Amino acid sequence: METRERRKKHDGMDIRRRHFLGLGGVVLGSAQPALVASIGAASLTTEGRAARLGLTLEGPLSWEWRALAEPPRLVLSLPGVTWRGPARLGSAGPVASALFDDEAKELRLNLARPALPRRLPGPAGRLLVEIAPASTEAFSAAARRDMPVAQGSAPALPLVVIDPGHGGYDPGAIGRRGTEEKRLTLAAAQVLRRKLQEGGKCRVAMTRERDEFISLADRVAFARTRDAALLISLHADSAPGAKGASVYTLAETASDPLAAALAQRENNADLAGGLSLPSVPPEVQAILLSLMRQETLGDSARFARVAVRELTRAVPILPKPRREAAFIVLKAPEVPSVLVEMGFLSDPEDEAALRQPEHRALIAASLARAVEAWLGATQRATSG
Ligand SMILES: [Zn+2]
């Protein structure tokens, strides 16, 4: 539980939500695996006379370096980590070879000549370490000391799940010029992902990265099993007379006929839809869900407000741009979720605009600003 303790310090928002899950652990526990520290990618490159180790961190992680003599090597301990990088990283600079030992949870660097590690400044979520040549005396002294030569830790960055609507045999709406919604949503999602990654305030995952069908329940499960801080579902549907961008949150009763019709159409796109929960007495399930949902809906609504504010500054907006309806994809009880209609493919001007990469970039930039503002506000609200 060491990682959980550490996490508590950095991620109050999530712990609060887990509190509710603890209450209903029997019911919902299976959908909530603990977030484990993991390395998503690893690289070793040559930088002048040194080597540079780059690790992408997923989940909170602590590490320490030790120097060992005869033969000279550096060992990076990553307790409890799940390593998704390559087991062997090759050679670079003073590093002759690098191997990750999954049993010991250690990255072992065999040195061609004495070298010591030094952490470099880098974006959140990345651990950059320079392995620079050192004198034989300095290395021997470090190896003789029975203590780490460097150590540190990093909190988990919150995960934002981007959900490009439709895909595969479900094209979504189709505009008069033949524009398919599923292609626009994927294109916009890719730009949004890049902008969020550049911002360095969160990790990003996408429910689909190519033209494939994913059920609504699987999209919801994707965000839940990854312990997402936010789910943003991107769409550009068809609705007669509607024009401009709008943002939707979950409500069993729709805010207006347009929102109701959109939700019905979206939900029908997924014949296997519906969020299935394990069988418990319905009244217990209802209480647990409403407890969690109240909080989640509040967070969703706060994000929707910020998103509308940012979109309004950048692109044309639907009158009354913040609406509610019973979209299945928004039904994760513990993941704040919004559905963004970037515009409507049934409107020729919206279709023309959405076909333009520049227009999609404006939408993505607005949403990225909204995500960062919302994450900042949520973290301030839950720290201390
Ligand atoms: Zn759609």
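This is a predicted model, so every value here is computed, not measured.

1. Some words on the overall build of the chain
When you go through the chain residue by residue, the secondary structure sums to ten helices and 16 strands. Looking at the chain residue by residue over its 384 residues, the buried ones come to 52%. By sequence separation, contacts in the chain at least 24 residues apart represent 73% of the contacts at least 6 residues apart. In the structure as shown, the chain presents an accessible area of about 17100 Å², 53% of it carried by carbon and sulfur atoms.

2. A few points about the coordination of the zinc ion
Six octahedrally arranged donors around a metal ideally form angles of 90 or 180 degrees; four tetrahedrally arranged donors ideally form angles of 109.5 degrees. Taken together, His 166 (NE2), Glu 181 (OE), His 235 (ND1), Asp 237 (OD), Asp 237 (OD) and Glu 266 (OE) make up the protein donors of the zinc ion, found 2.0 to 2.5 Å from the metal. Every donor counted, the six donor atoms about the zinc ion form angles of 52 to 160 degrees at the centre, which fits irregular coordination. Between consecutive donors of the zinc ion, the numbers of intervening residues give the motif H-x14-E-x53-H-x1-D-x28-E. One end of the pair, Glu 181, is in helix 5 (residues 181-199); the other, Glu 266, is in helix 7 (residues 257-268), with 85 residues separating them in the sequence. Taking relative accessible area as the criterion, Glu 181 reaches 0% and is therefore assigned buried. For Glu 266, a relative accessible area of 4% gives the class buried.

3. Looking at the sheet that holds strand 11 (residues 159-164)
Strand order in this open sheet of six strands is 12-11-13-16-14-15, and the pairing throughout is mixed. The open sheet has two edge strands with one neighbour each: strand 12 (203-206) and strand 15 (317-325). On average, each strand axis in the sheet is tilted by 20 degrees relative to the strand beside it, whichever way the strands run. Seen against the sheet, helix 5 touches strand 11, strand 12 and strand 13 (230-235) and runs at an angle of roughly 160 degrees to strand 11. Packed on one face of the sheet, helix 6 (residues 216-225) meets strand 11, strand 12 and strand 13 and runs near 170 degrees to strand 11.

4. Re the environment of Gly 172
When you line up the elements, Gly 172 lands in the loop between strand 11 and helix 5. On the basis of relative accessible area, Gly 172 is assigned to the partly exposed category, the value being 23%. Separated by eleven residues in the primary sequence, Gly 172 and Arg 183 have C-alpha atoms spaced 9.1 Å apart. Beyond its immediate chain neighbours, meaning those up to four positions away, Gly 172 contacts His 166 and Glu 181.

5. Quick look at the pattern of salt bridges
Scanning all chains against the criterion turns up 20 salt bridges. A salt bridge links Glu 180 to Arg 183; its shortest N-O distance comes to 2.7 Å. For Asp 347, the salt bridge identified is with Lys 243, shortest N-O distance 3.4 Å. Separated by 104 residues along the polypeptide, Asp 347 in the loop between strand 16 (337-341) and helix 9 (348-354) and Lys 243 in the loop between strand 13 and strand 14 (245-250) bring together distant segments of the chain. Residue classification places Asp 347 among the buried positions, given a relative accessible area of 14%. Salt bridges linked by common partners bring Arg 309, Glu 310, Arg 313 and Arg 369 together as one network.

6. Remarks on the environment of Ser 300
Here Ser 300 is to be found in helix 8 (residues 282-314). Linking Ser 300 and Leu 231, residues 69 residues apart in sequence, is a C-alpha distance of 9.1 Å. The residues touching Ser 300, leaving out its near neighbours within four places in the chain, are Thr 249, Pro 336, Ser 337 and Val 338.

Each value, and the rule that gives it
Residues numbered from 1 in each chain as written. Predicted model: local features only at pLDDT ≥ 70, side-chain atom pairs only at ≥ 80, totals over all residues. Heavy atoms only, no water. Helix = DSSP H or I, 4+ residues; strand = E, 2+ residues; numbered from the N terminus. Buried < 20%, exposed > 50% of the residue type's maximum accessible area, 1.4 Å probe, protein only. Contact = heavy atoms within 4.5 Å. Areas by Shrake-Rupley, 256 points an atom, 1.4 Å probe, with all protein chains shown as cover. Donors = N, O, S within 2.8 Å, 3.2 Å for Na, K, Ca; no water. Tetrahedral: all angles 85-135°; square planar, octahedral: opposite > 155°, others 65-115°. Pairing = 2+ DSSP bridges. Axes fitted to C-alpha atoms, helices over the stretch in contact; angles between N-to-C directions. Salt bridge = Lys/Arg side-chain N within 4 Å of Asp/Glu carboxyl O.

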